[in-house]
Amino acid sequence: MKAEPAELAAAPVKDPVCGMTVNPATAKYAWNYENKDYYFCAASCLETFRSHPDRYLERPGNVSSGRAFDVALIHPAPKDNVGDYVCPMCPEVHASKPGACPSCGMSLDRAMPAPTRVEYTCPMHPQIVRTAPGFCPICGMALEPRTITADDENPELRVMTRRFWTSLVLTVLLFAIAMADMFTGLPAARVLPMQWLPWIELLLATPVVVWGGWPFFQRGWASIVNRSTNMFTLIAMGVGAAYGYSLVATILPGVFSATFRDMNGIVPVYFEAAAAITTLVLLGQVLELRARSRTGQAIRALLDLSPKTARVLRDGREEDIPLDQVKVGDRLRVRPGEKVPVDGVVLEGNSSVDESMITGESMPVEKTLQSHVVGATINGTGSFVMRTERVGSETLLAQIVQMVGQAQRSRSPIQNLADRVSAWFVPVVIGIAALTFTAWGLLGPQPRFAHALVNAVAVLIIACPCALGLATPMAITVGMGRGASFGVLLRNAEALEILEKVDTLVVDKTGTLTEGKPKVVSIIAVNQPNESDLLRLAASLERGSEHPLAAAIMAAAKSRSLVLSEAQNFTSATGGGVAAVVDGKRVVAGTEKFLKDSGIPTETLSEKATELRHLGQTVIFVAIDHNLAGAIGIADPIKQSTSPALRELKEQGIRILMVTGDSTTTAEAIARELGIEEYEAEVLPQNKAEIVKRLQAQGRTVAMAGDGINDAPALAQADVGIAMGTGTDVAMESGDVILVKGDLAGILRARKLSQATMRNIRQNLFFAFLYNSLGVPVAAGVLYPFFGLLLSPVLAAAAMSLSSVSVIANSLRLRTVKL
């Protein structure tokens, strides 16, 4: 909707979608949302905001980078269709089964998925979002789809390639005519009349400059309109000056005085320079676009993993159906050697599954009854039937692709350096070019004007800031894609940068250092109930709890085929215990402190409980009708990868602190076994964040590793929150780093990835700064008084293009970094 000027505020505001500054008094597009006016620079920004306003607003729980991803994960988008079948006459009628429309009686047709709208963004400025292809109003680069797809076709690359080859043919002909005497010793003037040569060059150069270079002029003009000078500003000015001057010299040579003419009295033209610069810049764009398309190969490789069909069991028969027709609850058969179609749980059979493409671990994982399986992983020699639990965008693979795609376009703090330099770089270069033109025009050799023009154009062309702008985003894009292939997912680039600076690691015990699948190993009964009765009552009580220890007690009861009862009036205390009425008895289970606080004496079993804790067992006290009935000892096996990972982390100088809600005795046993010097026990979940805050107050850079749910406050407080997960249970909405495999070896991989990526970024920035600091003075002619050397605009264009390609090539080396 168009805003009425009388209703607008006077102070400038930010477009919430792209971040451009908008003057409310002159803004053409505005929208009122939740009683607040928002202003937009273009209709596309308004449409994007109206479609998903919460993505672009600062709300509790939303982070400044990647907000759209956070919201999409916590609140999944609605299904495209509310049913699988729809009436062709009454589109509001949907049904899950084929049949007749209740309104008109026509047969229902299978519903076609609603088309997914593709959004485009700038690889250097992710705040720019458009609903159609185009170029960035800030830097002029071609916009790319926000979500990487399996189809790697790039329309911009196709167009630029066509312009390049056409321009190359014409430029070669142009050089052959303009420099015939250099190649053959036969001046072209002896074959063609001298006055014809400029016109022939004009005829050949015009398609190259005007058609081939049109995108550069278009983006250069847009940079002026948007008051955001960039590489295309310099290219358009340089090529335009050379071509414009030559055009006037060809059509109206009489307007030029003697200072513009050479020793033969001819006004020189630079059509070949303008055409060559255009062709070389096109070549650079083609090479750059090709290289940039390779940065997403890691994600496309993940997308290619998904099978195209699934074998579904319906109505007593089996049939292969397209993957997009699989629904939640479907029973699928996975045969030996096939890929698991979607995320689900095993119902029948057993096998081993290669999950290396998701977790980075090469060893197959055994799958039995009720085991979770992940879509796109490869089944081994066994066969099994699974129940579908997640399909489409809800699968782990889809969420990984979505997460990495968003993270690749987030901004690293180190990029602020390049942004600050780029803000004044182009205006300074234009000033240097003007100074170069003036100095050569006043002090240079004859023809002074020609020398002034050539050197000024060389300055404009060689000073392209593209390499500087690409240094950070290209390395981040490749690095995050590499991490995803090893099960290391980073939510944003800031986490990638901070991770290499971490000097303190706070680790939760259960599920991080240990398997997170505790088992009952000791049962002690006192007074009335025997061990089986004690276990049955405790398991009946724990049915209402989701704690891992509760799962261990229930698993033990199930292994003994005990019949559980219903628990009534269930209550729980976080980090303490639970209580309920079972079979008419008041049953309480929890820590020793929890029972004491409930007025139940525990001295009878205190000594025995201490012995169990020294063995690394967690002790759950059980009371019946306010009398101590016994205790259950539960042990959580330590992961095999924990000890070597901790050893290597300590060798890197990282301080390790274990925090756990277990008793001091149990924590001491685990710490002693793992060689951990520092630990804090009996810590409630809400107090873990205080521990992190205390370490930060000491000047430490802290990473917190936990399960991503109970440890959420500490993960949020830490400089880098590392969420540990396994398979489809990974807590995607928690932490800055998500480790799909869920062990400390993943932290080592994440740290190596951070170190390699940041090292690559620093190399890119150093090269870009060095290139521009050396190239601009040489192009301006500072070497001419000493060595008689000048840098032609053609060579400047070649150097400029190769500098951008070299930055991207260096970034692509991250695809082979060892993690």
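Residues numbered from 1 in each chain as written. Predicted model: local features only at pLDDT ≥ 70, side-chain atom pairs only at ≥ 80, totals over all residues. Heavy atoms only, no water.

A.B. asks: Hey, could you run me through the overall build of the chain in this one?
C.D. replies: Looking only at helices and strands, one finds 28 helices and 31 strands in the chain. Counting the 819 residues in the chain, one finds 51% classified as buried. Sequence-distant contacts, at least 24 apart, represent 65% of the contacts inside the chain between residues at least 6 apart. Carbon and sulfur atoms make up 57% of the accessible area of the chain, which amounts to about 37,200 Å² in all. (Helix = DSSP H or I, 4+ residues; strand = E, 2+ residues; numbered from the N terminus. Buried < 20%, exposed > 50% of the residue type's maximum accessible area, 1.4 Å probe, protein only. Contact = heavy atoms within 4.5 Å. Areas by Shrake-Rupley, 256 points an atom, 1.4 Å probe, with all protein chains shown as cover.)

A.B. asks: Is there a simple way to explain the sheet that holds strand β8 (residues 120–121) in this structure?
C.D. replies: Either a parallel or an antiparallel arrangement is found when strands of a sheet pair, and the pairing is made through backbone hydrogen bonds. As summarised here, the arrangement of the three strands in space is β9-β8-β10, forming an open sheet in which the pairing is antiparallel. Each edge of the open sheet carries a strand with a single partner, namely β9 (129–130) and β10 (144–145). The sheet contact formed by β8 and β10 spans two bridges and is antiparallel. Residue T121 lies in a different strand from β10, and its bridge partner there is E144. (Pairing = 2+ DSSP bridges.)

A.B. asks: For this particular structure, what's the right way to read the sheet that holds strand β22 (residues 567–573)?
C.D. replies: The antiparallel open sheet is built from six strands, whose spatial order is β21-β26-β25-β24-β23-β22. What marks the edges here is a single partner per strand, and that holds for β21 (519–525) and β22. Ignoring strand direction, the axes of neighbouring strands in this sheet form an average angle of 20°. Across four bridges, the pairing between strand β24 (residues 585–590) and strand β25 (residues 618–624) is antiparallel. Bridge pairing links A589 to V622 in β25. Helix-sheet contacts for helix α18 (residues 531–542) involve β21, β22, β23 (577–582), β24, β25 and β26 (627–635), and the interaxial angle to β23 is about 105°. Running over the sheet, helix α21 (residues 603–614) touches β21, β25 and β26 and is turned about 155° from β25. (Axes fitted to C-alpha atoms, helices over the stretch in contact; angles between N-to-C directions.)

A.B. asks: Sorry if this is basic, but what is going on with the pattern of salt bridges here?
C.D. replies: Opposite charge on two side chains makes pairing possible when the charged atoms of those side chains draw close. One pass over the structure, following the stated rule, counts 25 salt bridges. The residue E319 makes a salt bridge to R317 at a minimum N-O spacing of 3.8 Å. Owing to a relative accessible area of 48%, R317 belongs among the partly exposed residues under this scheme. In this structure, K752 engages E648 in a salt bridge whose closest nitrogen and oxygen atoms are separated by 3.8 Å. (Salt bridge = Lys/Arg side-chain N within 4 Å of Asp/Glu carboxyl O.)

A.B. asks: Help me understand helix α14 (residues 448–462), please; the structure alone is not making it clear to me.
C.D. replies: Because each turn of an α-helix spans 3.6 residues, side chains separated by three or four positions in sequence point in the same direction. Under the 1.5 Å per step criterion, the end-to-end length of α14 is 21 Å for 15 residues, consistent within 8% with the ideal 21 Å. With 11 of its 15 residues buried, α14 lies for the most part within the structure. Taken together, the buried positions of α14 are A450, A452, L453, N455, A456, V457, A458, V459, L460, I461 and I462. (Expected span 1.5 Å × (residues − 1).)

A.B. asks: Any chance you could explain the pairing of β24 here in plain terms?
C.D. replies: Every other side chain in a regular strand lies on the same face of the sheet, so the side chains alternate between the two faces. Note that β23 and β24 share six bridges and pair antiparallel. By the bridge assignment, A580 is partnered in β24 with V587. The hairpin turn running from β23 into β24, its antiparallel successor, is two residues long, and D583 in that turn takes a positive phi close to 50°.

A.B. asks: Explain helix α26 (residues 744–780) to me, please; I cannot follow it from the model alone.
C.D. replies: With 37 residues, α26 extends 55 Å between its outermost C-alpha atoms, agreeing within 8% with the 54 Å of an ideal straight helix rising 1.5 Å per residue. Phi turns positive one or two residues past the end of α26, at G781, with a value near 100°.

A.B. asks: It is not clear to me how the pairing of strand β27 (residues 655–659) should be interpreted in this structure. Could you clarify?
C.D. replies: β27 sits mainly inside the fold: four of its five residues count as buried. Across five bridges, strand β20 (residues 504–508) lies against β27 in parallel orientation. The residue of β27 that forms the bridge with D508 is V659. With three bridges connecting them, β27 and strand β28 (residues 678–680) associate as parallel partners. Each bridged residue has a counterpart across the sheet, and for V659 the counterpart in β28 is E680. The parallel pair β27 and β28 is bridged by helix α23 (residues 664–674), and the resulting crossover is right-handed. (Right-handed = clockwise from strand over helix to strand, strands pointing away.)

A.B. asks: I would appreciate a short explanation of the confidence of the model for the chain in the present structure.
C.D. replies: Should pLDDT be low for a region, the predicted coordinates there are not to be read in detail. Per-residue confidence for the chain gives a mean pLDDT of 78, with 78% of residues at or over 70. Element-level mean pLDDT values for the chain span from 27 in helix α2 (residues 67–74) up to 94 in strand β13 (residues 331–334). Here residues 59–83 scores under 50 on pLDDT; set against residues more than four positions off or in separate chains, the count is 43 contacts. In the model, residues 727–731 has pLDDT below 50 throughout and makes 18 contacts with residues more than four positions away in sequence or in other chains. (pLDDT = per-residue confidence, 0-100.)

A.B. asks: Got a minute to help me understand a nonpolar patch on the surface in this structure?
C.D. replies: Among the surface-exposed residues, W199, V248, I251 and L252 lie close enough to one another that they form a single nonpolar patch of about 380 Å² accessible area. In this structure, W199 sits in helix α6 (residues 197–212). The class of W199 is partly exposed, set by a relative accessible area of 46%. (Patch = residues over 30% accessible without salt bridge, like charges linked within 9 Å, V, L, I, M, F, W, Y side chains within 5 Å.)

A.B. asks: Teacher, can you tell me more about the packing of α6 against helix α7 (residues 214–225) here?
C.D. replies: Closest axis-to-axis distance for the α6/α7 pair is 5 Å, and the angle between their directions is 45°. Between α6 and α7, the angle falls in the class oblique. Contacts between α6 and α7 involve V209, V210, W211 and G212 from the former and W214, P215, F216 and F217 from the latter. (Parallel < 35°, antiparallel > 145°, perpendicular 65-115°, else oblique.)

A.B. asks: So what exactly am I meant to see when it comes to unusual backbone geometry here?
C.D. replies: Negative phi values dominate among residues other than glycine, just as trans dominates among peptide bonds. At D315, a position not held by glycine, the phi torsion is positive, near 55°. Mapping D315 onto the fold places it in the loop between β11 (309–314) and β12 (317–322). You will see that D583, though not glycine, has its phi angle at about 50°, which is positive. Tracing the chain through its elements places D583 in the loop between β23 and β24. A residue is classified by how much of its surface remains accessible, and D583, at 44% relative accessible area, is partly exposed.

A.B. asks: Teacher, can you tell me more about the nonpolar core here?
C.D. replies: In summary, soluble globular proteins display a tendency toward joint burial of nonpolar side chains. Counting 129 residues, the largest nonpolar core has L505 and I722 as its most contacted members. Tallying contributions element by element places α26 first for this core, with 14 residues. (Core = buried A, V, L, I, M, F, W, Y, C linked by side-chain atoms within 4.5 Å.)

A.B. asks: Hey, could you run me through the side chain of E355 in this one?
C.D. replies: Relative to the elements of secondary structure, E355 occurs in the loop between β14 (343–354) and α11 (356–359). Residue E355 is classed as buried on the basis of its relative accessible area, which comes to 9%. Within the structure, the side chain of E355 is placed 2.9 Å from the side chain of K367, a separation counted as a polar contact. (Polar contact = N/O pair within 3.5 Å; in protein donor to acceptor, adjacent residues only side chain to side chain.)

A.B. asks: What is the right way to read the environment of V692 from this model?
C.D. replies: Relative to the assigned elements, V692 resides in helix α24 (residues 685–697). Counting along the chain gives 187 residues from V692 to L505, while the straight-line C-alpha distance between them is 9.5 Å. Contacts of V692, omitting those with residues within four sequence positions, involve V702, A714, Q717 and A718.

A.B. asks: Whenever I open this one, the packing of aromatic side chains confuses me. Can you help?
C.D. replies: As enumerated under the stated definition, the model contains three aromatic pairs in all. The positively charged end of R163 is found above the aromatic ring belonging to W211, 5.1 Å away from the centroid. (Phe/Tyr/Trp six-rings, centres within 6.5 Å; stacked < 30°, edge-to-face > 60°. Lys NZ or Arg CZ within 6 Å of the ring centre and 35° of its normal.)

A.B. asks: I'm lost on the environment of S371 in this one. Help?
C.D. replies: Tracing the backbone through its elements, the reader meets S371 in the loop between β15 (365–367) and β16 (372–373). Taking C-alpha positions, S371 is 8.5 Å from G344, a pair spaced 27 residues apart along the chain. In this structure, S371 is in contact with G344, V345, V346 and E366, ignoring residues within four places of it in sequence. Polar side-chain contacts of S371 include one of 3.0 Å to the backbone nitrogen of T368.

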